[in-house]
Amino acid sequence: MMKSRLSFRFFAVVLLAALLCLYALPALGAAGAEYFSYTVLDNGTARITEFKGGLNWVDIPETIDGYAVTEIGYDAFRGSPLYTVNIPSTVTSILDYAFQACYNLESVVLHGAGSISAYAFSDCTSLTSVTFDGAISSLGSYAFEGCTSLTEIVLPEGLTSMGENCFWGCSALESVSLPSTLSEIPYAAFGACKALTDVTIPEGVVSVGKYAFGTCESLESIYLPDSVTSIGSVAFQWCYALRSVRMSPNVTSIGDNAFVSCKNLADIELPAGLTTIEQGTFNGCASLAHIEIPDGVTVLFENLWWNGLTLLEPRITDRLFSGIGRDGVGIMLDTGHLMNCRWDLHSEAEAVAFLRRTVAGMGAHRSLVKGVHLSCSLSGEYQKSCLGAGSD
């Protein structure tokens, strides 16, 4: 009898502890209409406008009060203490800031959501998993910016556009796979993803945009498929670990400072059809001992405002260009640099007169001028105050 009572008491204690634990767990389950505010759209479907709370694991319903849920509205879940969210296939649009700053959010499964707008999941700092299990056509600017726990992203086929800074600052992101339906990797799409080591760029991508992979400090190699024709300015700037670049044979232009400070880049083969390499493209590539410039590229030398190619001494200009040993060279005339060569210029009128005299005095070298950087710099008095020197 005593044993029976002890067993009953033990069972009661265990049951009570289990109930207390269950009570302590955050709420979960399929959410009904009582958890949301919504509005009915002109097409007879519903847009969720506010999450009222009460759940931490949320399955967004396909219908509310008989209306198909097609949109998640601006700010609807912003800052909510969610852990996971399941978005049904009926949803075709997630609007700006819908889930921004859901700091506890760890997992998102998207069965629909044709378009995800700007800042929709930005600053979800605990987010580790995003599953695209449906058709996504576009990602807005900053859509996943600052998701600092996200380690992998596989973007689905059918995605045709990404906004700028889409995954900016996802500092734990190690692996990225892009779809063949995406033609352009936009500005700073993966900028400052400092842990990124694995990037899959498929055939179909045509353009790598400005700063697309800038400051991806762990990226060691990149494969640019044959479909790529242009690389934007500072596209791989400060990718310090970058050692190997497989260049598309169809690249025709490389923007300024595209590979600046890629200090471990030891070898790169530029394609024969390349016609434009902007200034500073390989600046700071300390390990790059040799590079072959294709014949189709016109190499432009910018005039300096210190000793060297100032354009003030025809003898030095002639010596430089006669010693290069190749066709397809020219001068990028920087008016500001030229003005800085004279410390006694005090007005724009004086500067214009000086520029005209200098260009006229270039003689045959004028035909080498292929471009102009228009800038104004009347810094003579400042230079003299710093250096304590005369005008020449």
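See above for the structure.
These notes cover the structure that comes with them. Within every chain, residues take consecutive numbers counted from 1 along the sequence as written. Given that the model is predicted, a residue must reach a pLDDT of at least 70 before its local features are reported, and side-chain atom pairs must reach 80 or more before they are shown or counted; all residues, however, enter totals for whole chains, interfaces and linings. By convention in this description, side-chain values take in all heavy atoms of the structure and omit both hydrogens and water.

Right, let's talk about the sheet that holds strand β13 (residues 152–154) for a bit. Here three strands make up an open sheet; going across it, the order is β13-β15-β17 and the pairing parallel. This sheet does not close on itself; its edge strands, each paired only once, are β13 and β17 (198–200). Strand-to-strand, the axes of this sheet are offset by a mean angle of 5°, without reference to chain direction. Across three bridges, the pairing between β13 and strand β15 (residues 175–177) is parallel. Bridge pairing in β15 places glutamate 152 opposite serine 175. A pair of strands is treated as paired once DSSP finds two or more bridges between them. In this description a helix means any DSSP run of H or I spanning at least four residues, a strand means any run of E spanning at least two, and both kinds are numbered starting from the N terminus. To define axes, lines are fitted to C-alpha atoms, for helices over the stretch in contact only, and angles between the resulting N-to-C directions are given on a 0 to 180 degree scale.

Before going further, it helps to examine the sheet that holds strand β26 (residues 369–373). In space, the three strands of this open sheet follow the order β24-β25-β26, with parallel pairing throughout. The sheet is open, and its two edges are formed by β24 (299–302) and β26, each paired on a single side. The mean inter-strand angle of the sheet, taken between neighbouring strand axes irrespective of direction, is 30°. In this structure, strand β25 (residues 329–334) lies alongside β26, joined through four bridges in parallel fashion. In the strand pairing of β26, methionine 332 is matched with glycine 371.

The next point concerns the environment of threonine 90. In this structure, threonine 90 sits in the loop between β7 (84–87) and β8 (93–94). In the structure, threonine 90 is positioned 21 residues away from histidine 111 in sequence and 8.1 Å away in space, judged by C-alpha atoms.

Turning next to the side chain of aspartate 334. Mapped onto the elements, aspartate 334 comes out in strand β25. Pairs of N or O atoms within 3.5 Å make up the polar contacts considered here, provided that, within protein, one atom can donate a hydrogen while the other can accept it, and that residues adjacent in sequence are counted only when both atoms are side-chain atoms. At 3.0 Å, the side chain of aspartate 334 forms a polar contact with the backbone nitrogen of glycine 336. Within the local environment of aspartate 334, its side chain forms a polar contact with the backbone nitrogen of histidine 337, the two atoms lying 2.9 Å apart. Any two residues whose heavy atoms approach within 4.5 Å at even a single point are treated as in contact. In contact with aspartate 334, other than residues within four places in its own chain, are Glu302, Asn303, His373 and Ser375.

Time to look at the pairing of strand β6 (residues 67–72). Relative to β6, strand β3 (residues 46–51) runs parallel, the two being bridged by three bridges. Counterpart to isoleucine 48 in the pairing with β6 is isoleucine 72. Pairing geometry for strand β5 (residues 63–64) and β6, over two bridges, is antiparallel. When the sheet's bridge partners are listed, isoleucine 64 is paired in β6 with tyrosine 67. The antiparallel pairing of β5 with β6 creates a hairpin that spans two residues between the two strands, and aspartate 65 there sits at a positive phi of about 50°. Sheet analysis places β6 next to β8, joined by two bridges and oriented parallel. Bridge pairing in β8 places glutamate 71 opposite serine 93.

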